[in-house]
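Secondary and tertiary structure notes
Here are the chains, one letter per residue:
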Amino acid sequence: MNKAMHMNRKSIALVVACTAMAWMASAMERPNVILVMTDDQGYGDLGCHGNPILKTPELDKLHAESVRFTDFHVSPFCTPTRAALMTGNHPGVTGAFRTSSGRTMMHPDEKTVANLFADAGYATGMVGKWHLGDNAPHRPQDRGFQDVLWHRCGGIGQASDYWGNDYFDDTYERNGVFEKFEGYCTDVWFREGMRFIEQNRSKPFFLYLALNAPHGPYRVPPEWEAPYKGNKQVAKSAFYGMIANIDYNMGVFRNQLDALGLAENTILIFMTDNGTSAGGKFKGLDSEPLVGYNAGMRGKKSSVYDGGHRVPFFIYWPKGNLTGGRDIETMSAHIDVLPTLADLCGIPVPAEYDLDGISLKTLLYGSKEPWVRDHHVVQYHGGAYGKAMPPGPLAYSTVLTERWRLVNSDGQFLFDIQADPAQRTDVSAQHPEVVERLRALYDPFWERVSPRLTPVRIDIGNPAEPRTELCSQDWRMKSGNPPWNFNAIRKLPKVTGPWLVNVKQAGRYRFTLRQWPEAANKPVVAVRAKVEVAGQEKEVPVPANSKGVVIELHLPAGPTELVTYLYDKKGNVGGAYFTEVELLP
């Protein structure tokens, strides 16, 4: 080798090394992200938003230090908000637009914020409530999160959650394995969030800390509820107690971030997933509160009036100069979170994400550029309790601008939100041209969403989940809700429905049919059992005192429906609310 060639190779090696070091330095400087979202806490359930009774000093402090979006909108209830937050797309586009009945799972082609950040070299963690599918390929660990601790279904103690969970000393799923924990659920989630941070402090991380509180059932250690108990102006004292406990944990959590030296370069977001569930007593879903506080708004959780979907959104990042207690009044939404975080962290979003949301970075930094959004659409596809299934155009929707709300819910109404924030006076007759304009803005939304309101399937025979535990909450019903909680299931309702499944591998499968989870150790109350799947059916007698009825069938690969039947002595039939499926060797 001549000297020139040797020097050239040394130069190339030096350039490569310097480039790698520069990239590593850049990676070290990338901000961490912590997204904290509470469940069923409304805009008015904060002291800093004027609540005269509820004390939230730590969240008030964060509010005072943050940039706040004051006209920020989510979906009216749990799953759709989570789908939009994860993907940057309207919930109907994702396929996850209701809270049960097989409509809580996102289409497999949807990419998530966790996929995006993991691909960019971030450590990704999820702690708490997921509510976007309990089975492969829909679990958080299937959706880009590398470190996962979560409870199944839409609430602790609901049907598909670990049997016996009640908010205290529960069993949760860590990376596919159930684990017993000590303490109150919110305390556990914050503690485990900090564990993830400490384990990943030497590299950029993204933490999604999704609390299940203050979702019902309303349970909290008594010392948190005590200040509100007996107050006639408080609709539900335990609900306020749960928020007080969240507030305390938030203060401890932020102090720990400071002690680790991470607060300066961490983007910290606080938001909630929908309007209040129990911050007031309401007449139906759409009234102003009869008791309690709702920040002057009409509507609660599940309402398409503002009280159902306008929520807090605080963002705090000292190194990025996002501090100081500044309000941004421009309308924004959950679909904007993914593109905003990507923009702030310098992560390009691939075209395949096909985002509906817009980065809020220009608003955050006071750009004089014209804002590109002139409206937003919120729709509760199918309506409350599934009474408007299958989902159709306009029903239970609101077209929003910064001045107007065109509400389609048991009629069509127009409200001037600036003059009438409580949405008391319908002005559609005075402004027919506004009604026509807003109605026309809805049509492109429906054209975008409607083709994706299609079934999403659960895998069976997926190597990532060798034993699939199905629950009746995922029966895909034509209307209404299937049995999704134990209040319904303990009555052994005589109803069944199909699980929409995708058989990943052809082979012989074992089906174990139950009316209670395996951990409950309860006998099946039936005399005959039947399975229908992939054009086949098989019926067997139920042995006395059987805890689970086993049926085996050979299945071809591909999409199909699975329906179970359990017959009592009188011939009445209901489904197996819990069914395990596994591919045999």
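Residues numbered from 1 in each chain as written. Predicted model: local features only at pLDDT ≥ 70, side-chain atom pairs only at ≥ 80, totals over all residues. Heavy atoms only, no water.

**Some words on the overall build of the protein**
In terms of regular secondary structure, the protein is built from 13 helices and 29 strands. Rg of the C-alpha trace for the protein: 25 Å, near the compact-globule value of 25 Å for 585 residues, within the 12% margin. Across its three principal axes, the protein shows a C-alpha extent of roughly 85 × 75 × 50 Å. Taken over 585 residues, the protein has a buried fraction of 59%. (Helix = DSSP H or I, 4+ residues; strand = E, 2+ residues; numbered from the N terminus. Rg over C-alpha atoms; globule rule 2.2 N^0.38 Å. Buried < 20%, exposed > 50% of the residue type's maximum accessible area, 1.4 Å probe, protein only.)

**Some remarks on helix α3 (residues 78-87)**
Counting buried positions along α3 yields 10 of 10 residues, so the element is predominantly enclosed. Considered for burial, the residues of α3 that qualify are Cys 78, Thr 79, Pro 80, Thr 81, Arg 82, Ala 83, Ala 84, Leu 85, Met 86 and Thr 87. Residue Gly 88 follows α3 closely and has a positive phi angle near 75 degrees.

**Thoughts on the nonpolar core**
Core analysis: the largest hydrophobic core is formed by 47 residues, its most contacted members being Phe 117, Phe 145, Phe 206, Tyr 208, Ile 267, Met 271 and Ile 315. For this core, the element with the highest residue contribution is helix α10 (residues 337-344), accounting for five residues. (Core = buried A, V, L, I, M, F, W, Y, C linked by side-chain atoms within 4.5 Å.)

**Considerations on the sheet that holds strand β17 (residues 397-400)**
The strand order across the open sheet built from four strands is β16-β17-β18-β19, with neighbouring strands paired in antiparallel fashion. Looking at which strands have only one partner, the edges of the open sheet turn out to be β16 (376-379) and β19 (412-416). Averaged over neighbouring strand pairs, the angle between their axes works out to 15 degrees when direction is ignored. Note that strand β18 (residues 404-408) and β19 share five bridges and pair antiparallel. Of the residues in β19, the one forming a bridge with Leu 406 is Leu 414. Those strands touched by helix α12 (residues 432-449) are β16, β17, β18 and β19, and its axis lies near 65 degrees from that of β18. (Pairing = 2+ DSSP bridges. Axes fitted to C-alpha atoms, helices over the stretch in contact; angles between N-to-C directions. Contact = heavy atoms within 4.5 Å.)

**Digging into the sheet that holds strand β15 (residues 332-333)**
Spatial strand order, β12-β3-β15: three strands in an open sheet with mixed pairing. Here the strands that pair on one side only, and so sit at the sheet edges, are β12 (310-311) and β15. Pairing analysis gives two bridges linking strand β3 (residues 72-73) to β12, with the strands arranged antiparallel. Across the sheet, residue His 73 finds its bridge partner in β12, namely Arg 310.

**Examining the side chain of Asn 245**
With respect to the helices and strands, Asn 245 occurs in helix α8 (residues 237-259). Not counting residues up to four positions away in its chain, the partners in contact with Asn 245 are Tyr 184, Thr 186, Asp 187, Val 220 and Trp 224.

**A word on the side chain of Ser 546**
Within the secondary structure layout, Ser 546 lies in the loop between β25 (536-541) and β26 (549-555). Within the local environment of Ser 546, its side chain forms a polar contact with the backbone oxygen of Gly 548, the two atoms lying 3.1 Å apart. (Polar contact = N/O pair within 3.5 Å; in protein donor to acceptor, adjacent residues only side chain to side chain.)

**Remarks on the layout of surface pockets**
A volume near 960 Å³ is recorded for the largest pocket. Class assignment of the residues belonging to the lining of the largest pocket gives a composition of 13 nonpolar, 17 polar and five charged. When its volume is computed, the second largest pocket comes out at roughly 290 Å³. Per-element tally for the lining of the second largest pocket: the top contributor is strand β21 (residues 467-471), with four residues. Residue composition of the lining of the second largest pocket, grouped by class: nine nonpolar, two polar and seven charged. (1 Å grid on protein atoms, 1.4 Å probe; cavity = no way out; pocket = protein on both sides within 12 Å on 5 of 7 lines; lining within 4 Å. Points joined across faces, edges and corners; volume = space filled by probe spheres on them. Nonpolar A, V, L, I, M, F, W, Y, C, P; charged D, E, K, R; others polar.)

**Some words on the environment of Gly 346**
With respect to the element layout, Gly 346 can be found in the loop between α10 and α11 (361-364). On a C-alpha basis, the gap between Gly 346 and Thr 425 in space is 45 Å, while along the polypeptide they are 79 residues apart.

**Description of the environment of Thr 362**
On the secondary structure map, Thr 362 appears in helix α11. On the basis of relative accessible area, Thr 362 is assigned to the partly exposed category, the value being 30%. Residues Thr 362 and Asp 343 lie 19 residues apart in sequence; the distance between their C-alpha atoms is 9.9 Å. Among residues more than four places away in sequence, those in contact with Thr 362 are Ser 367, Glu 369 and Trp 371.

**Quick word on the packing of aromatic side chains**
In this structure the tally under the stated criterion is 31 aromatic pairs. Seen in terms of ring centroids, Phe 145 and Tyr 208 are 6.1 Å apart; in terms of plane orientation they differ by 25 degrees. Their pairing is stacked. Taken together, the residues Phe 145 in the loop between β4 (123-129) and β5 (147-151) and Tyr 208 in strand β8 (residues 205-210) connect sequence positions 63 residues apart. Taking the centre distance of 4.3 Å and the plane angle of 35 degrees together, the rings of Tyr 172 and Trp 189 count as tilted. Taken together, the residues Tyr 172 in strand β6 (residues 171-174) and Trp 189 in helix α6 (residues 185-199) connect sequence positions 17 residues apart. (Phe/Tyr/Trp six-rings, centres within 6.5 Å; stacked < 30°, edge-to-face > 60°.)

**Things to note about the pairing of strand β1 (residues 32-38)**
Where burial is concerned, most of β1 is hidden: seven out of the seven residues are buried. Pairing analysis gives seven bridges linking β1 to strand β9 (residues 266-272), with the strands arranged parallel. Looking across to β9, one finds that Leu 35 is bridged to Ile 269.

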